[in-house]
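Fold and geometry: a report
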Amino acid sequence: MLKITSKQLEVTALIRERIEGRLEKLSRHDIQLINPHIIITQEKQLFKIEASVGLPSGELFAQAKSENLYAAITAMGQKLEKQLNRLTHKPQAQRHATFEDAEDDFEYVYKEDTAA
């Protein structure tokens, strides 16, 4: 269940739809979102949006600021997507390759050229 908290701002149906649309994009990864909580704050000219989403394997947190509320929602959603993508594809990452493996693949033949 999505929980949206707003300070100094009324959450309209359009704002709720935009936030729900961004969170639906996270569901493509087939991971259950646990208690997503969005906090919207208006600070003078800026809108600040924070999101914390629980996952079975941890928690995601993203924060974005913009003069346009919808741009802030989009930026927050992109940050959450990036974190979730990194988390879901971490086991397939090839970060464990060592430098020695790279040396075995490379063969260098040293030829001494003599200049006359």
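Structure's up top.
Every chain is numbered independently, its residues counted from 1 as its sequence is written. Given that this is a predicted model, residues contribute local features only at a pLDDT of at least 70 and side-chain atom pairs are listed and counted only at 80 or more, while totals for whole chains, interfaces and linings are drawn from all residues. As a rule here, side-chain values cover all heavy atoms of the structure and leave hydrogens and water aside.

1. Description of the pattern of salt bridges
Our working definition: In what follows, salt bridge is the name for a side-chain nitrogen of Lys or Arg lying within 4 Å of a carboxyl oxygen of Asp or Glu. Counting from the N terminus, the helices are the DSSP runs of H or I reaching at least four residues and the strands are the DSSP runs of E reaching at least two. Throughout this description, buried means an accessible area under 20% of the type-specific maximum (1.4 Å probe, protein chains only), exposed means over 50%, and partly exposed covers the range between.
Within the structure shown, the criterion is met by three salt bridges. Between Glu20 and Arg16 there is a salt bridge, and its shortest N-O distance comes to 3.8 Å. In this pair, Glu20 and Arg16 are both assigned in helix H1 (residues 13-26), four residues apart and thus about one turn of the helix distant. Accessibility expressed as a relative area gives 33% for Arg16, which makes it partly exposed.

2. Description of helix H2 (residues 69-88)
What counts here: Between the first and last residue of a helix there are one fewer steps than residues, each counted as 1.5 Å, and that sum is the expected span. The reported arc concerns the directions from the helix axis to the C-beta atoms and nothing else. Whether two residues are in contact is decided by their heavy atoms, any of which lying within 4.5 Å being enough. We define a polar contact as two N or O atoms separated by no more than 3.5 Å, with the added condition that, inside protein, one atom must be a possible hydrogen donor and the other a possible acceptor, whereas residues neighbouring each other in sequence contribute only through side-chain atom pairs.
With 20 residues, H2 extends 29 Å between its outermost C-alpha atoms, agreeing within 8% with the 28 Å of an ideal straight helix rising 1.5 Å per residue. Within H2, burial applies to Leu69, Ala72, Ile73, Met76, Gly77, Leu80 and Leu84. The arc enclosing the buried residues of H2, seen along the axis, measures out at 135°, which places them on a common side. Buried residues belonging to H2 abut H1, strand E2 (34-43), strand E3 (46-55) and strand E4 (58-66). N-capping of H2 is provided by Asn68, with a side-chain oxygen placed 3.0 Å from the backbone N of Tyr70.

3. Focus: the sheet that holds E4
Keep this limit in mind: Pairing between strands requires that DSSP locate at least two bridges from one strand to the other. Lines fitted to the C-alpha atoms define the axes, with helices restricted to the stretch that makes contact. Angles between their N-to-C directions range from 0 to 180 degrees.
An order of E1-E2-E3-E4 is seen for the four strands of this open sheet, with the pairing classed as mixed. Bordering the open sheet on either side are strand E1 (3-7) and E4, each of which pairs with just one other strand. Each adjacent strand pair in this sheet contributes to an overall mean axis angle of 10°, direction not counted. Here E2 runs beside E3; their pairing, made up of eight bridges, is antiparallel. Paired with Thr41 across the two strands is Lys48, which belongs to E3. In the packing of H1 onto the sheet, contacts are made with E1, E2 and E3, and the angle to E2 comes to roughly 135°. Strands in contact with H2 are E2, E3 and E4; relative to E4, the strand with the most contacts, it is inclined by about 150°.

4. Focus: the nonpolar core
Definition in use: Throughout, nonpolar core names a set of buried Ala, Val, Leu, Ile, Met, Phe, Trp, Tyr and Cys residues whose side chains join them through atoms within 4.5 Å.
In terms of nonpolar packing, the biggest core is built from 22 residues, with Ile19, Leu23, Ile38, Ile40, Ile49, Met76 and Leu80 touching the most fellow members. For this core, the secondary-structure elements that each account for two or more residues are H1, E2, E3, E4 and H2. For Ile19, the residues in contact, after removing those within four places along its chain, are Leu2, Ile4, Ile38, Ile40, Ile49 and Ile73.

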